Amino acid sequence: MLEFVINSFRESAELKLAFVELYAERIVEVGQIIARALKDGNKVLLFGNGGSAADAQHIAGEIVGRFKRERRALPAIALTTDTSILTAVGNDYGFERVFERQVEALCMPGDIAVGISTSGNSPNVVRGLMKAHDLGATTIAFTGRDGGKLVDIAHYSFVVPSYDTARIQECHITLGHVLCEIIDRLL
């Protein structure tokens, strides 16, 4: 069991190092884009399912509250939290449209939309990001595996090179934290 624990941490650390080697420059660029959008009065919309929904909520909380530095509250919304909207849209239109309808209602040109899906193929995340793209938002995908359909939709994609859902999610939340720190530093 001890070897399993050590190997799990080692795998996570090695995957994060491989990920940052692939995406360090893009992470800086996207952090700057998000900070600029927030400075200009736009907002960040985040969405995903399951653990990715939790990541969306976590990142939104860091942006609205603060990450490490005191600063004014910034506008970010996790589209995973309103059970009345989620269940009404899911019931009336189908679960694949729960994010698309919210994006249609809330997204403006210049906003940032972050779709999070370990496979990159979650139908509701794909539709939500497509709608945001159509409405003039800057679209960002956090994915894994081969990137799935999201990489063809998003302006900026981050594909964790793994098929292990837990390891992908660990990279996603680290990416979210680093982007939040860039936002804090720039604003």
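## Some points on the nonpolar core
Link 1 in the chain: If you look at the biggest cluster of nonpolar residues, it comprises 36 residues, and the most contacted ones within it are Ile34, Val44, Ile63, Ile140, Phe142 and Phe158.
Link 2 in the chain: Those residues in contact with Ile63 that lie beyond four places of it in its chain are Leu38, Val44, Arg71, Leu74, Ala76, Cys180 and Ile183.

## Observations concerning the packing of aromatic side chains
Link 1 in the chain: All told, the structure shown has five aromatic pairs when counted by the stated rule.
Link 2 in the chain: Note on Phe19 and Tyr23: the rings are 4.9 Å apart at their centroids and 45° apart in plane angle, and the pair reads as tilted. Of this pair, Phe19 and Tyr23 both sit in helix α1 (residues 2-39), separated by four residues, roughly a single helical turn.
Link 3 in the chain: Look at Phe19 and you get buried, because its relative accessible area is 4%.
Link 4 in the chain: By relative accessible area, which is 11% here, Tyr23 ends up buried.
Link 5 in the chain: Through a chain of ring-to-ring contacts, the aromatic side chains of Phe19, Tyr23, Phe142 and Phe158 assemble into a single cluster.
Link 6 in the chain: One cation-aromatic arrangement involves Arg101 over Tyr93; the distance from NZ or CZ to the ring centre is 4.4 Å.

Each value, and the rule that gives it
Residues numbered from 1 in each chain as written. Predicted model: local features only at pLDDT ≥ 70, side-chain atom pairs only at ≥ 80, totals over all residues. Heavy atoms only, no water. Core = buried A, V, L, I, M, F, W, Y, C linked by side-chain atoms within 4.5 Å. Buried < 20%, exposed > 50% of the residue type's maximum accessible area, 1.4 Å probe, protein only. Contact = heavy atoms within 4.5 Å. Phe/Tyr/Trp six-rings, centres within 6.5 Å; stacked < 30°, edge-to-face > 60°. Helix = DSSP H or I, 4+ residues; strand = E, 2+ residues; numbered from the N terminus. Lys NZ or Arg CZ within 6 Å of the ring centre and 35° of its normal.

What is shown is where atoms sit, not what they do.
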